[in-house]
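Results of the structural survey
Spelled out, the chains give:
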Amino acid sequence: MTPARPFSNWTPWIYLAPALVVLGGLLVYPIYQLGLISFLEYTQVQVSGGEPTSFQGFGNYAALFGDGEFWRVLLATVVFAAACVVSTLAVGCALAVLLTRVRALPRLALMLAALGAWATPAVTGSTVWLLLFDPDFGPVNRILGLGDHSWTYGRYSAFFLVLLEVVWCSFPFVMVTVYAGIRAVPAEVLEAAALDGASQWRIWRSVLAPMLRPILVVVTIQSVIWDFKIFTQIYVMTNGGGIARQNLVLNVYAYQKAFASSQYSLGSAIGVVMLLILLVITLVYLRLLRTQGEEL
Amino acid sequence: MNSLVRRPWRLAAEASALVIAAVVAFPLYWMVLSAFKPAGEIESSEARPWTLAPTLDSFRRVFGQQEFGRYFVNSLVVACTVVIASALIAFLAATAVTRFRFRFRTTLLIMFLIAQMVPVEALTIPLFFLMRDFGQLNTLGSLILPHIAFSLPFAIWMLRGFVKAVPEALEEAAHLDGASRSRFLWQILFPLVFPGLVATSVFSFISAWNDFLFAKSFIISDTSQSTLPMALLVFYKPEEPDWGGVMAASTVMTIPVLIFFVLVQRRLVSGLGGAVKD
C-alpha cells in the first residue's frame, strides 16, 4: 500500500466522488423511491396530481401476494432463469474446454462465431430467432421437418424458444471467460500432471476445476443476474408476455403493471420482490467468497 | 497441451468445433441473407440458404424510414458517452479502492458488489419519475445516465484486478522522480490498465447499445430522441412483420457492435484472463 502522505486521507475520496455521486443519485435514491412507491397508492390519478398519494402500508403487497397470477409468474421466472443459467453454463464450459483441444483455425472460427452471437443486440437476436423458427417460412421447421408447427403458440415451446436465444447470446461470455481462465493456468502444471499419468478427467477434477473455481463463481453469478431479469427477449419474442400472458416473467409483469396499466405501486412492489431475491443470492455469493478466503 | 491429445480425438474435436461454429453463426448469416433477399423470397415457403436476386430494397426502405439515421446516431452517442464516462469514473474509483487504505474501504467494496446485483429493470419506475422531475424524459440523458450508473459497479470490480497488478514500486519510483500524483495517475497508471478498460468497455457498450426497456419507457413523446431498438420495431409488427425491413435494420444495428468486438477481441480475452487471475 502507498505510504501515508499528509493529504492522502482525502485523496481516495476525491477519486471516489464521481462514482459515489452517480451511484447515489441513480441507484441508491431510486431504490429508496422504489420501496417508498411500493407502500403508496400511486396510479395515474396520483401521478397527474388529481388526488393526493396515500399510504397503503403493506396493502400493495397483500394485493400482489393475493393474486394467483403473481405466484405463477414468480415460479415461471425462477424456473426459466434457472434453466437458462444451467444451459448457458453447460454449453459455455463445454465449448471452452473444446477450444483448448483444437488448433488455431477451428478455434478462431468458433471464437468469431461466438463473438458474433455475443455482439448481437437483444432486440435483433429476438427477431432473427423468430424468423428462423417462423412456422411458415423459417428454415428450422423445414430442416426438422416440423411442417407449420408454431413455436410461440404453446407456453412451454415459447419459453423454450426464448431459452435457445438466451443461451445463444450468453454462452459466449461464459466460454470466453472460462477459456481465458484455463489459459491462465500454467502449462507446466498440466504437463506435470499428465506425465504423472493422470487421466484427462482427473486433470480436470483435481487440477483445473479448483483453479477455475473463482471464475466459475463469477460467471455463474453473472448469469443468474442476467437471466433472472430478462426483459427484451420475452417482450419481443412472445409479444409482451405470450398468448393469454402465459409467458410473463417478473420483469415484463412489472412493466405491464406500471406502464401499461399505470399501477405504479404494484409495479414497484414487484420490483422490490426482484430486488430482495437478488439480494439473497448476492449474500450467498459473498459467503461463498468469504469461505474461500478471498481478500477484498 | 495439444500434443498430449491423441490425433483422432483432436480431429473429431476440430470437426465438431467447426460444426458448432457454423450453427452459432447461422442466425447471423440468415439475418444478413434475409436483408438482401427481395420481399417475396423471404416469405416464400421454400426457405433457401441463398438468394437468386440480391437487392438493396430492404436497406432503402430502412434508411428511407423517417429518422432511422437519427436513431443510429442517437444510439452511437448514448453508447459512446456511457463507455467513456463509466471508464473514467470507474478508473478513478478502482484506483482509490486498490491503492489506498482508508476507513470504509471494505464496506464500499461490498457495496459495489451488491450494486452489481441490482436488477436495473426493477428501477425503471423510480427512474421514470426522477427523469420526469429533472425534465430529462424524452432526452438522450435519460438513457445515458442510468447506464453509466449500472455499468459502474461491474467496471470498478473488474478494473481492480488491473490496478492491483501494477507494482507499488512503480509509484514509489515515479514519486522519487518528482512526478505528482495526478501525473502518475494519468500518464503511468492509466496506460497500464488500458487493456482492462477495453474489456470493461465491452460490457458498458453492450448494455447501452442493447437498451430496450429504458428507451421504451423514457422516450415517450419525442421519438426523434429514440434509439435503434425502437427503430427496429417500426418494421416488426407481430401480426404482419416486414421481415426484409427487420433484417436490414438488424444488420445495420449489429454491424457496429461486431466491428467493435473484432477490434477488441484479443484485449477482451486477455482482459478477462487478467481479471480472473486476480
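In this text the structure is predicted, and so the values were computed from the model without any measurement.

**Considerations on the UniProt feature "transmembrane region" (unreviewed entry) in chain A**
Residues and elements named next belong to chain A. UniProt's feature table lists "transmembrane region" (unreviewed entry) at residues 12-32, 73-98, 110-133, 153-182, 203-225 and 264-286, given in the numbering used throughout. Along residues 153-182 the backbone is 93% helical and 0% strand, and the end-to-end C-alpha distance reaches 42 Å. Annotated as residues 203-225, this span is 100% helix and 0% strand, and its ends, taken at the C-alpha atoms, are 31 Å apart.

**A closer look at the UniProt feature "domain: ABC transmembrane type-1" (unreviewed entry) in chain A**
Per the UniProt record, "domain: ABC transmembrane type-1" (unreviewed entry) is found at residues 74-285 of chain A. Along residues 74-285 of chain A, the helical share is 79% and the strand share 0%, with 22 Å between the first and last C-alpha atoms.

**Details of the pattern of salt bridges**
All names here are of chain B. Tallied over the entire structure, the rule returns 10 salt bridges over all chains. Of the charged contacts, one joins Arg-61 and Asp-242 as a salt bridge, the two residues approaching to 2.7 Å between their closest N and O atoms. Taken together, the residues span a long stretch of sequence, with Arg-61 in helix α3 (residues 57-64) and Asp-242 in the loop between α11 (228-235) and α12 (243-277) at a distance of 181 residues. In this structure Asp-242 comes out as partly exposed when scored by relative accessible area, which is 24%. Among the ionic pairs, Arg-132 bridges to Asp-133, the shortest N-O distance being 3.3 Å. Overall, Asp-133 belongs to the exposed group, its relative accessible area being 55%. Because the salt bridges share partners, they merge into one network encompassing Arg-99, Glu-168, Glu-171 and Arg-181.

**Let's talk about the UniProt feature "transmembrane region" (unreviewed entry) in chain B**
Residues and elements named next belong to chain B. Here, UniProt's "transmembrane region" (unreviewed entry) annotation points to residues 12-32, 71-96, 108-131, 143-163, 184-209 and 243-264. Secondary structure content for residues 71-96 is 100% helix and 0% strand, while the C-alpha to C-alpha distance between its ends is 37 Å. Taken end to end, residues 243-264 has its terminal C-alpha atoms 31 Å apart, with 100% of it in helix and 0% in strand.

Rules and cut-offs
- Residues numbered from 1 in each chain as written.
- Chains lettered and ligands numbered in written order.
- Predicted model: local features only at pLDDT ≥ 70, side-chain atom pairs only at ≥ 80, totals over all residues.
- Heavy atoms only, no water.
- UniProt positions renumbered as here; feature names shortened; annotations may be inferred.
- Helix = DSSP H or I, 4+ residues; strand = E, 2+ residues; numbered from the N terminus.
- Salt bridge = Lys/Arg side-chain N within 4 Å of Asp/Glu carboxyl O.
- Buried < 20%, exposed > 50% of the residue type's maximum accessible area, 1.4 Å probe, protein only.

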